[in-house]
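Report on the structure
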Amino acid sequence: MIKLIAQRLAASALILLGVAAITFVLLYLLPADPAVNLAGRSATAQTVANIRHELGLDQPLLTQFLHYLGNLAQGNLGRSYTQKTEVVTLILARLPATLILMAAGIAVEVALGLIFGVIAALNRGGPVDRLVMAACFVGVSAPQFVVALLLLYVFALMLGWFPMSGFGTAAHVVLPALTLGVLGAGWYARMVRSAMIDVLNQDYVRTARAKGISERRVIFRHALPNALLPIIAMIGIDIGQFMSGVVVVEAVYGWPGIGQLVWQAIQQVDLPIIMGVTLVSAFAIVAGNLIADLVAPLIDPRIRAR
Amino acid sequence: MTGPVGALTSSHPLLTVSDLTVDALTDRGAKRVLDGVSFALKAGETLCLAGESGSGKSVTSLSIMRLLPRASLRVVSGSIDLAGTELTRLSDRAMRAVRGGDIAMIFQEPMTSLNPVMSIGAQLIEAIRTHQPMDERAARARALQMLDAVHISQAERRLSQYPHELSGGMRQRVMIGMALSCQPKVLIADEPTTALDVTVQAQILKLIRELKSEFGTSVLLITHDMGVVAEMADRVAVMKEGRIVEIGGAVDVFERPQAAYTRELIAAVPRLGARAGTDGPPRVTGEARAPMAEGEDFPILTVRDLTVSYGGGAGWFRAGQGHAAVEAISFDVMAGKTLGLVGESGSGKSSTGKAVLGLTPFTGTVIIDGHVVGDHGPGAMRPIRRLAQMIFQDPYASLDPRMTVGAAIAEPLIIHRIGDKADRADRVADLLRRVGLMPDVASRYPHEFSGGQRQRICIARALALRPKLIVADESVAALDVSVRARVLDLMLELQETEGLAYLFISHDMAVIERMSHSVAVMKSGKIVEIGSRREVFEAPRETYTRELIAAVPLPVPAMKHVEGETAPALS
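Residues numbered from 1 in each chain as written. Chains lettered and ligands numbered in written order. Predicted model: local features only at pLDDT ≥ 70, side-chain atom pairs only at ≥ 80, totals over all residues. Heavy atoms only, no water.

Bringing the overall build of chain B into the picture now. Of the regular secondary structure elements, chain B holds 19 helices and 20 strands. Compactness check: chain B gives a C-alpha radius of gyration of 26 Å against a globular reference of 25 Å for 571 residues, within 12% of the reference. Dimensions of chain B, computed from the C-alpha atoms along their principal axes, are close to 75 × 55 × 45 Å. Looking at the 571 residues of chain B, the share that counts as buried comes to 53%. Restricting to contacts in chain B with at least 6 residues of sequence separation, those with at least 24 account for 70%. Accessible surface, chain B: about 24500 Å² in total, of which carbon and sulfur atoms supply 51%. (Helix = DSSP H or I, 4+ residues; strand = E, 2+ residues; numbered from the N terminus. Rg over C-alpha atoms; globule rule 2.2 N^0.38 Å. Buried < 20%, exposed > 50% of the residue type's maximum accessible area, 1.4 Å probe, protein only. Contact = heavy atoms within 4.5 Å. Areas by Shrake-Rupley, 256 points an atom, 1.4 Å probe, with all protein chains shown as cover.)

Okay, the sheet that holds strand β14 (residues 363-368) of chain B next. Residue and element names in this part refer to chain B. A sheet is described by the order of its strands in space; here four strands give the open sequence β12-β11-β14-β15, paired in antiparallel fashion. Both edges of this open sheet fall to β12 (323-334) and β15 (371-373), since each of them pairs with a single strand only. Adjacent strand axes in the sheet meet at a mean angle of 20°, parallel and antiparallel pairs treated alike. Pairing of strand β11 (residues 299-310) with β14 involves five bridges; the strand directions are antiparallel. Bridging across to β14, Leu 301 finds its partner in Ile 368. Its contacts with the sheet place helix α11 (residues 349-356) against β11, β12, β14 and β15, and it is angled at close to 120° to β11. (Pairing = 2+ DSSP bridges. Axes fitted to C-alpha atoms, helices over the stretch in contact; angles between N-to-C directions.)

This paragraph deals with the packing of helix α7 (residues 198-215) of chain B against helix α19 (residues 543-551) of chain B. Residues and elements named next belong to chain B. Two numbers describe how α7 lies on α19: the axes approach to 8 Å, and their chain directions differ by 50°. What the angle tells us is that α7 and α19 run oblique. Relative to α19, the crossing made by α7 is left-handed. Contacts between α7 and α19 pair Val 198, Thr 199 and Ala 202 from the former with Glu 547, Leu 548 and Ala 551 from the latter. When its residues are assigned to classes, the contact of α7 with α19 shows four nonpolar, one polar and one charged. (Parallel < 35°, antiparallel > 145°, perpendicular 65-115°, else oblique. Left-handed = near helix turned anticlockwise from the far one by under 90°. Nonpolar A, V, L, I, M, F, W, Y, C, P; charged D, E, K, R; others polar.)

Looking now at the pattern of salt bridges. All names here are of chain B. Under the counting rule described, the total for this entry stands at 32 salt bridges over all chains. In this structure, Asp 252 and Arg 256 form a salt bridge, with 2.6 Å as the shortest nitrogen-oxygen distance. Accessibility expressed as a relative area gives 39% for Asp 252, which makes it partly exposed. We note a salt bridge from Lys 349 to Glu 474, for which the minimum N-O separation is 3.9 Å. Of the two residues, Lys 349 is situated in helix α11 and Glu 474 in the loop between β17 (469-473) and α16 (481-498); the sequence distance between them amounts to 125 residues. On the accessibility criterion, Glu 474 (9% relative accessible area) is buried. A single network of salt bridges, built from pairs that share partners, joins Arg 427, Asp 430, Arg 434 and Glu 498. (Salt bridge = Lys/Arg side-chain N within 4 Å of Asp/Glu carboxyl O.)

Before going further, it helps to examine empty space enclosed by the protein. Here the structure, examined in full by the defined rule, presents two cavities of 30 Å³ or more. Taken as a whole, the largest cavity spans an internal volume of roughly 110 Å³. What lines the largest cavity is Thr207(A), Ala210(A), Lys211(A), Gly100(B), Ala104(B), Met105(B), Ala127(B), Met175(B), Met178(B), Ala179(B), Ser181(B) and Cys182(B). Of all elements in the fold, only α9 (203-210) of chain A together with β6 (103-106) and α6 (168-180) of chain B reach the threshold of two or more residues within the lining of the largest cavity. The dominant element in the lining of the largest cavity, judged by the number of residues it contributes, is α6(B), at three residues. Put simply, the second largest cavity is a space of about 40 Å³. (1 Å grid on protein atoms, 1.4 Å probe; cavity = no way out; pocket = protein on both sides within 12 Å on 5 of 7 lines; lining within 4 Å. Points joined across faces, edges and corners; volume = space filled by probe spheres on them.)

All names here are of chain B. If you trace the six strands from one edge of the open sheet to the other, you get β6-β7-β8-β3-β9-β10, paired in mixed fashion. Of all strands in the sheet, those bounded by a partner on one side alone are β6 and β10 (243-249). Taking the axes of each pair of neighbouring strands and ignoring which way they run, one obtains an average angle of 15° across the sheet. Sheet topology note: the strand β7 (residues 186-190)/strand β8 (residues 218-223) ladder contains five bridges and is parallel. Within the sheet, the bridge partner assigned to Ala 189 lies in β8 and is Leu 221. Together, β9 (235-240) and β10 form the strand contacts of helix α10 (residues 260-268), whose direction differs from that of β9 by roughly 100°.

Attention now goes to the layout of surface pockets. Its boundaries defined by the atoms lining it, the second largest pocket holds a volume of some 1300 Å³. Taken together, 31 residues line the second largest pocket, and the ones lying closest to its centre are Arg209(A), Leu68(B), Pro69(B), Arg70(B) and Ala71(B). Elements represented by at least two residues in the lining of the second largest pocket include exactly α5 (87-122), α8 (170-200) and α9 of chain A together with α1 (57-65), β4 (73-82) and α2 (92-98) of chain B. The residue inventory of the lining of the second largest pocket, partitioned by class, reads 14 nonpolar, six polar and 11 charged.

It is worth spelling out the interface of chain A and chain B at this point. As a measure of interface size, the accessible area lost when the parts come together is often cited. Tallying the contact residues gives 23 residues for chain A and 28 residues for chain B. Both faces combined, the contact of chain A with chain B buries some 2200 Å², and carbon together with sulfur accounts for 59% of it. Scanning the region where chain A abuts chain B turns up two salt bridges. Glu126(B) is paired through a salt bridge with Lys211(A); the nearest N and O atoms lie 2.7 Å apart. Residues of the side of chain A that touches chain B, tallied by class, amount to seven nonpolar, five polar and 11 charged. (Buried area = accessible area lost by both parts, 1.4 Å probe.)

Detailed conclusions should not be drawn from predicted coordinates in areas where pLDDT is low. With 99% of its residues at a pLDDT of 70 or more, chain A has an overall mean of 86. Of all secondary-structure elements in chain A, the lowest mean pLDDT belongs to helix α2 (residues 34-39) of chain A, at 78, while α9(A) reaches the highest, 93. (pLDDT = per-residue confidence, 0-100.)

Residue and element names in this part refer to chain B. Here β6 shows two buried faces, one formed by Ile 103 and Met 105 and the other by Ala 104 and Ile 106. Examined bridge by bridge, β6 and β7 share four bridges and lie parallel to one another. In the strand pairing of β7, Ala 104 is matched with Leu 187.

Once that is clear, we can look at the confidence of the model for chain B. Residue and element names in this part refer to chain B. Per-residue pLDDT for chain B averages 86, and the proportion of residues at 70 or more is 91%. Taken together, the stretch residues 6-11 has pLDDT below 50 and engages in seven contacts with residues farther than four places along the chain or on a different chain. Ignoring residues within four places in sequence, the model shows residues 564-571, a span with pLDDT below 50, making seven contacts including any to other chains. Scored as a complex, the prediction yields pTM 0.80 and ipTM 0.79.

Within α19(B), the full set of buried residues consists of Tyr544(B), Thr545(B), Leu548(B), Ile549(B) and Ala551(B). Buried residues belonging to α19(B) abut α7, α17 (509-515), β19 (518-523), β20 (526-532) and α18 (533-538) of chain B.

Dropping the structure here:
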């Protein structure tokens, strides 16, 4: 297991290097000039040139890139152009909110996905199955902001159960997590349904029934654990995705996560922040997959390392 | 142990199935799959339900357990009586107490019949505690006892192991141990040894016989293999198309079969030793063997020091060089003759077949009719593809379901740019006729054909390029005995008319005996014995060859393998 972690971390270093290179080139090719943006509208060409020099933007691309990599190797993501603060500090400040929303969102989507996926599988082909699958279809195709506004309207404005926006209490996290969860649950439910249908047709489920154990035990003790494996891989992917920020949901609910940070940075052409968040997301995706690979053997002895 | 079913009285049969009728629910309405099946299982006896696929054997057993898939199969009428209790009318809860408690069941596929994510111990203990009021510790002790009873060594350690750590034979032992752990009155064994190697099969059959007397269980054994029937049965019920066509004592059924179908079934079983005293397979075209022309007796396939290794790279076996599936084997296949390659699973026979056609990387020398098979590009393999073709095991998986039969057979011709469209259509029609199908089936799709017909189509496809060598890898293993016999006859006929040579790979000693001129016995990647068919079968030099031959159950009840020297052949 330690070997696996070491291998993945080594691989993630390579991945980060690749992501850094690609992002760097893309940002360099961007028509927007951060110096112009910083200098303001009335600035002279000289001021802009000074700022460019100050930020090191007048140097060749390769020099800039090597310089960035040198800093990166020391854990330094550079300073924000606009906020005059270390990017690491900015990201760390946003991390708790992002992690909370990620965990809550994944919890909601997995819970809903499991419940409805199992229900659909057990009623395969029947009206309940069709209803659940139709709901899933709506779930996966509804735009985030529509669901977010709908939930806000009903639960915050009309019923007043939860705050409209902000961060701080447990109540604040409910609606954003529900928005993410409802949207993700559609995917999970479909996945759980097809995995369960597959597993319920397996020989070992027939063996379990032939033992005379209750149908509930057949489903929860024998079938479900076997159907969980693809779900774990999906959770790993979601960890990475949610870490890169859920821009729309954070915007609607005023959630101070990484999504908000990067959204502002893009508007202000704050390259160090964009780079920093991109790298953090890339690392989170690697880490999410690693977590999935570490959890899977706990459920499936066949992939347990010898 | 204590189900709802009371103690049996000696006059009453233990399990009586009367007039059982089951319908399959299809899109086009109900289709009868069991039609008035009646039989009785007496206490302490073994009754075999024998028949080919689709005869309704498994549906019968699942009906008794009330485990038929609700959506597709429904019991229409009939009664199932277990020692005075009518099972068809039991509540679901009461039926669960019968399942595993009074009637236990083991299945065909030991590899997939145990839950892969639960330890052996957890699965055994679950079965025990479902039917017996025991705490975890007592159940664990009982589980250990059962593993001992089914002769699994290091029982303590096995309890914490998972199914994938055990071989197929071991898993079937665990299944049997689990089934008998609650001392059921009836054990239903549905093709319990079909997926196992012949030597493992012999051990498992012996175990079932042994435990039957030890636990006093009656056995309902379902099998397609008349050899297994003869080995195990006190009485036999022969099933065909959802009906029992004959039922009687094992010796009577084998020696004086009443129904025509029973006679056919017994006749179709290739018997080991049937070709004793001859040098080659039987002539099937009726023509006398042509005198061998000068220079006809040459090897069409020469294999020297063939080694096939798997793993070695990244992946599960990342330590070391990987493992050799085939190690430095050498043999020849003579033109127009058959070399039978026999061995158990994991012996390397399939890897050999693939390597010969360059379908898997190997080291060593393979020469087909003067062409060296090697790792040159696909273009260089073309002439070899024309010379040598393959027929696979699974006729269901080896035809593209979206391609018509005609297109599938014509494809090799198109790839090799042989003939124009009209020529190819003629050739397809000719090939279909030659494998015993009507030429007009060319426009139909594979799903419209039975397994045997599909295998004929695969043979036609393999013949399209007029090859001189065909590698047949377990080509009849998936077919019912009667169908198998006809496909084997077709292959013999084609050998005579087309002068084909076969590298005939099989685990089935009787089939190998029927088909081969010479035989190579493989074990753990090596050829342990090679020689003429007569030498290998009639005077085997190696112990392993003798074990293989001895393990084959013969379709003659009087020749049962019997435990202990003094035990009578029949009880």
